[in-house]
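# A structural walkthrough
As a plain string of letters, each chain reads:
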Amino acid sequence: MTEQTRPYDFAADALFLDFDGTLVELAPQPEEIVVPPELITLLQRLQQESDGALAIVSGRPLDQLDFFLAPLRLPAAGVHGAERRTADGRILQQPVPDVHHLRERLLPLVEGNPGLQLELKRGALALHYRHAAHLEQRCVETMMDALRHEPGFSLLHGKMVVEAKPHINKGDAVAAFLHEAPFRGRRPVFIGDDVTDEAGFAIAQAETYGGLGIKVGTGPSQAQQRLADPAAVLALLREAIPARSLSG
């Protein structure tokens, strides 16, 4: 995997971006992330230059993405693709399992350890332990035990979080976008930082599409290229925009 990335070709590519850890730095709590001042402008310009072929693909629900990226309402996949907004504004929702029984199984652990946080999403449940890193193994074991009793979920172990999500992944969301205008026929570029993004890299780099995965940060990955951190992602996006567009 190389550290070098060529500038994003807005005229030919479709750009898919993870959010946390990719466009914004991770925060102790999901609601505490800070959106870089220039991010909204960069995304708006790139969307214009690419004729709309830009989408956010995140584990967050769509309403959270819209809140942090306001006033933009970009094409986006939320909850790893369980909900998706197309370029023409339609909201598509996949069938998902009920998380409430799963939540009841995890509550005793969370209530007994104030450093833990449960994040409830549509069809998914994330157990954050950023403030209680020493409980990582216990969180994983408790989630695995709970999932033995609650079918319909996949287990994801991310950065200081273990998540139960429906059997849907970011790769499915990227593939769905690539069958729709304005993404259809373009080379996909997927940028992400976590294990949840590996499915996106796989689709982007599949022979069918001939695209590119870019891993943000350290750790093993199938992505063909790598960037150091969200600041490097913003620099890449900035370079992708013609000077005339930034000054216009």
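Numbering of residues begins from 1 in every chain and follows the order in which that chain's sequence is written. Note on the predicted model: pLDDT of at least 70 is required for a residue's local features to be given, and 80 or more for side-chain atom pairs to be given and counted; whole-chain, interface and lining totals, by contrast, use all residues. The basis for every side-chain value is the complete set of heavy atoms in the structure, and neither hydrogens nor water enter the calculation.

## Thoughts on the pairing of strand β7 (residues 124-128)
The cut-off we apply is this: To sort residues, take the accessible area from a 1.4 Å probe on protein chains only and compare it with the maximum for the residue type: under 20% means buried, over 50% means exposed, and anything in between is partly exposed. Numbering of helices and strands runs from the N terminus, with a helix taken as a DSSP run of H or I at least four residues long and a strand as a DSSP run of E at least two residues long. Being paired, for any two strands, means DSSP has found at least two bridges between them.
Burial analysis of β7 places five of its five residues in the buried class, the great majority of the element. In β7, alternate side chains face the same way, and those of Ala124, Ala126 and His128 on one face and Leu125 and Leu127 on the other are all buried. Relative to β7, strand β6 (residues 117-121) runs antiparallel, the two being bridged by five bridges. Paired with Glu119 across the strands is Ala126, a residue of β7. Summarising the sheet, β7 and strand β9 (residues 161-166) pair through four bridges and their orientation is antiparallel. Residue pairing across strands places His128 opposite Val161, the latter belonging to β9.

## Examining the pattern of salt bridges
Stated formally: Whenever Lys or Arg places a side-chain nitrogen within 4 Å of a carboxyl oxygen from Asp or Glu, that contact is recorded as a salt bridge.
One pass over the full model with this rule turns up 14 salt bridges. Its salt-bridge partner being Arg238, residue Glu38 comes within 2.5 Å of it at the nearest N-O pair. Note that Glu38 is positioned in the loop between β1 (13-17) and α1 (39-49) and Arg238 in helix α7 (residues 230-240), a separation of 200 residues in sequence. A relative accessible area of 35% means that Arg238 is categorised as partly exposed.

## Quick word on the packing of aromatic side chains
Threshold: Planes of paired rings set the category: under 30 degrees apart is stacked, over 60 is edge-to-face and the rest tilted, where pairs are Phe, Tyr or Trp rings (Trp by its six-membered ring) whose centres lie within 6.5 Å. For a lysine, the NZ atom is tested; for an arginine, the CZ atom; a charge sits over a ring if that atom is within 6 Å of the ring centre and within 35 degrees of the ring normal.
Summed over the entire model, instances satisfying the criterion amount to six aromatic pairs. Note on Phe177 and Phe183: the rings are 5.1 Å apart at their centroids and 50° apart in plane angle, and the pair reads as tilted. Each member of the pair Phe177 and Phe183 is classed as buried. For the pair Phe190 and Phe201, a centre-to-centre distance of 5.5 Å together with 85° between the ring planes defines the contact as edge-to-face. With Phe190 in strand β10 (residues 187-192) and Phe201 in helix α6 (residues 198-205), this pair connects stretches of sequence that are eleven residues apart. Classification of Phe201 by relative accessible area gives buried; the value is 0%. Among the aromatic residues, those joined into a ring-pair cluster are Phe16, Phe177 and Phe183. Its end group placed over the ring of Phe177, Arg84 keeps NZ or CZ at 4.7 Å from the ring centre.

## Examining α6
We apply this condition: Along the arc lie the directions from the helix axis toward the C-beta atoms. Whether two residues are in contact is decided by their heavy atoms, any of which lying within 4.5 Å being enough.
Taken together, the buried positions of α6 are occupied by Glu198, Gly200, Phe201, Ala204 and Gln205. Projected onto a plane normal to the axis of α6, the buried residues spread over an arc of 155° and lie on a single side. Buried residues along α6 sit against α5 (170-178), β10 and β11 (212-216).

## What to know about the confidence of the model for the protein chain
The criterion, for reference: Values of pLDDT, which run from 0 to 100, indicate the predictor's confidence residue by residue.
Summarising the model, the protein chain shows a mean pLDDT of 91, and 94% of its residues fall at 70 or more. Helix α8 (residues 243-247) is the least confidently modelled element of the protein chain, averaging 52 in pLDDT, while strand β2 (residues 54-57) averages 98, the highest of any element.

## As for empty space enclosed by the protein
We apply this condition: Only protein atoms enter the 1 Å grid, on which a cavity is a set of points fitting a 1.4 Å probe that cannot get out and a pocket is an open set with protein on both sides within 12 Å along at least 5 of 7 lines, lining residues being those with an atom within 4 Å of a point. Grid points are joined across faces, edges and corners, and a volume is the space filled by probe spheres set on the points.
All chains considered together, the criterion is met by three cavities of 30 Å³ or more. When its volume is computed, the largest cavity comes out at roughly 440 Å³. What lines the largest cavity is a set of 29 residues, and nearest its centre among them are Asp20, Leu26, His128, Val161 and Asp194. Elements supplying a minimum of two residues to the lining of the largest cavity: β6, β7, β8 (153-158) and β9.

## Looking at the sheet that holds strand β5 (residues 91-93)
This is how it is decided: Fitted lines through C-alpha atoms give the axes, limited to the stretch in contact for helices. The angle between two N-to-C directions lies from 0 to 180 degrees.
One open sheet holds the eight strands; their spatial order is β5-β4-β3-β2-β1-β10-β11-β12, and the pairing between them is mixed. The open sheet terminates on both sides in strands that have one partner only, identified here as β5 and β12 (225-227). Strand after strand, the sheet turns through a mean of 20° between neighbouring axes, direction not considered. Across three bridges, β1 lies against β2 in parallel orientation. Residue pairing for β2: Leu17 is matched across the bridge by Ile56.

## Section: the pairing of β11
Across the five residues that make up β11, a large majority, five, are buried. Of the two faces of β11, the one holding Leu212, Ile214 and Val216 and the one holding Gly213 and Lys215 are both buried throughout. Of the strand pairs in this sheet, β10 and β11 are connected by four bridges, and their pairing is parallel. When the bridges of β11 are listed, Gly192 appears paired with Lys215. Pairing geometry for β11 and β12, over three bridges, is parallel. The partner of Lys215 across the bridge, within β12, is Arg226.

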